[in-house]
Amino acid sequence: MLRIIIPVLLLISTVSALFTASELEVVKNLCNDILDRKPVLIAGFVRLIFHDCVGGCDGCVNLNLENWNGDRPNAGLATSISVLNGKYVELQQTVNISRADFWATCSVEALERARFLATNDMSKSLNISMLYGRADCILELTTTNADRFPNPRAGLAETLAWCNNTFNFNSTWCVAILGAHTLGQARPSASGFRGRWVADARHLNNAYFQDLRDKRWLQVNRKTVADPRWQFQARGQSMFMMLNADMCLLRDIQPDSAGRVVDPLDATPESSTKDDVETFADDNEEWIRVFKAAFKSIIETLPDGAAPLESI
Ligand code: HEM
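Note that the coordinates shown come from a computational prediction; the quantities given were computed from them, not determined experimentally. (Residues numbered from 1 in each chain as written. Predicted model: local features only at pLDDT ≥ 70, side-chain atom pairs only at ≥ 80, totals over all residues. Heavy atoms only, no water.)

(A) Up close: the domain arrangement of the protein. According to the domain assignment, the protein consists of domain 1 (2-145 + 295-299) and domain 2 (150-290). If you average the C-alpha positions of domain 1 and of domain 2, the two centres end up 24 Å apart. Of the residues lining the interface, 23 residues belong to domain 1; the matching set on domain 2 comes to 22 residues. With both chains or domains summed, domain 1 and domain 2 bury close to 1,800 Å², and 65% of this area falls on carbon and sulfur atoms. At the junction of domain 1 and domain 2, the tally comes to three salt bridges. (Domains from an automatic or database assignment. Contact = heavy atoms within 4.5 Å. Buried area = accessible area lost by both parts, 1.4 Å probe. Salt bridge = Lys/Arg side-chain N within 4 Å of Asp/Glu carboxyl O.)

Written as structure tokens, this is what we have:
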């Protein structure tokens with residue numbers, strides 16, 4: 001991997017001095033201006049920071065990355081990146097903040113907005129105590145190994161192993177972080193999958209777990225692209241979907257390499273993570289508590305050799 005063979009100092013620029021609390025307000029306001037104009041980017045910013053932080057948050061995502069079967073794990077992130085980078089050019093005139101810190105700040109503002117949309121209650125703020133000082137990559141290349149990104153066709157063992165290897169998450173944190181899929185949707189033009197996970201796709205709440213547990217799901221190939229895209233579709237509600245990587249949290253599906261699951265769900269054993277799915281489906285505040293800790297941990301994942309983060 002590039003990051004291993006090129007000395008870290010070449011890839012990582014240093015952030016000279018951290019900004020002040022009032023400058024941080026300017027940054028947050030800018031994130032919120034963007035989200036006011038384009039609420040669809042709530043989900044985009046949350047997905048972007050997760051992809052940026054695979055291999056360490058460094059403000060760079062390789063949009064051209066392709067894996068052995070032609071999947072492009074970062075497809076669909078171009079709009080979020082170009083909107084943020086356009087605003088970053090402006091921001092740099094006044095605040096000395098790294099791009100990676102800017103992206104991370106906007107992802108947290110996006111979550112705050114989605115939490116507010118779900119509750120209509122400012123007192124329900126997530127209050128994520130952020131740390132700063134992420135350094136940007138210097139080359140526009142970052143993670144050059146597509147296998148570091150998760151496989152949407154995978155079953156439970158592969159999904160849990162990915163969570164553990166990438167973010168050091170245990171299975172409960174892995175279940176909780178996948179609840180991020182309560183936001184946004186999958187697009188044929190990006191991943192090739194189609195549909196949204198829940199009805200209110202801008203609300204940060206536990207609807208993902210409730211729908212996973214309560215809807216009746218059937219696997220279909222939506223045929224959105226030439227290669228198969230096997231996904232679970234809610235019976236009678238074709239706009240709602242679950243990937244294998246979502247469904248496996250409830251049922252121990254055994255997908256083949258194309259992602260197809262032959263056994264009917266009713267005849268498939270429960271997963272070892274089913275209790276976590278049910279806990280989060282029953283208790284929104286408990287899900288928010290665990291999700292928040294897991295998300296904070298993702299945005300504090302640093303590339304090898306990076307300086308520790310600091311509070312403002
Ligand atoms: C096993 C792990 C995961 C898999 C297999 C996975 C897979 C996917 C796929 C295939 C899409 C659709 C992309 C598109 O077509 O545009 C997607 C969307 C999304 N993912 Fe994940 N994901 C995983 C973990 C995560 C995590 C950890 C987060 C955040 C912390 C996240 C947040 C999102 C969001 C918010 C969207 C919607 C994006 C939008 O509407 O623009 N995902 N994910």
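(B) Region of interest: the state of the cysteines. In total, this model carries four disulfides according to the counting rule given. Disulfide partner of cysteine 53: cysteine 57, at an S-S distance of 2.1 Å. The sign of the S-S torsion, about 110°, decides the handedness of the disulfide formed by cysteine 53 and cysteine 57: right-handed. A single burial state applies to cysteine 53 and to cysteine 57, both of which are buried. Disulfide pairing is shown between cysteine 60 and cysteine 137; the S-S distance is 1.9 Å. On the S-S bond that ties cysteine 60 to cysteine 137, the torsion sits near -85°, and the link is left-handed. (Disulfide = S-S within 2.5 Å. Buried < 20%, exposed > 50% of the residue type's maximum accessible area, 1.4 Å probe, protein only.)

(C) Region of interest: the packing of aromatic side chains. Evaluated as defined, the whole model comprises twelve aromatic pairs. Taking the centre distance of 5.7 Å and the plane angle of 80° together, the rings of phenylalanine 50 and tryptophan 162 count as edge-to-face. Of this pair, phenylalanine 50 sits in helix H4 (residues 41-53) while tryptophan 162 sits in helix H7 (residues 156-167), placing them 112 residues apart in sequence. Ring geometry for tyrosine 88 versus phenylalanine 102: centroids 5.9 Å apart, planes at 20°, classification stacked. Of the two residues, tyrosine 88 is situated in helix H5 (residues 78-91) and phenylalanine 102 in helix H6 (residues 99-119); the sequence distance between them amounts to 14 residues. The same class applies to tyrosine 88 as to phenylalanine 102, namely buried. Of the aromatic side chains, those joined through ring pairs into one cluster are Tyr208, Phe209, Phe280, Trp287, Phe291 and Phe295. Above the face of the phenylalanine 193 ring, arginine 229 is positioned so that its terminal group lies 5.6 Å from the ring centre. (Phe/Tyr/Trp six-rings, centres within 6.5 Å; stacked < 30°, edge-to-face > 60°. Helix = DSSP H or I, 4+ residues; strand = E, 2+ residues; numbered from the N terminus. Lys NZ or Arg CZ within 6 Å of the ring centre and 35° of its normal.)

(D) The arrangement of the site of the ligand in detail. In the region of the ligand, 23 residues are neighbours, and Phe50, His181, Gln185, Arg187 and Ser191 sit closest. Between the ligand and histidine 181 there is a distance of 3.0 Å, counted from a nitrogen atom to a side-chain nitrogen or oxygen. In this structure, an oxygen atom belonging to the ligand sits 2.9 Å away from a main-chain N or O atom of glutamine 185. Mapped onto the shell around the ligand, the elements with two or more residues apiece are H4, H7, helix H8 (171-178) and strand S1 (185-186). (Near = heavy atom within 4 Å. Polar contact = N/O pair within 3.5 Å; in protein donor to acceptor, adjacent residues only side chain to side chain.)

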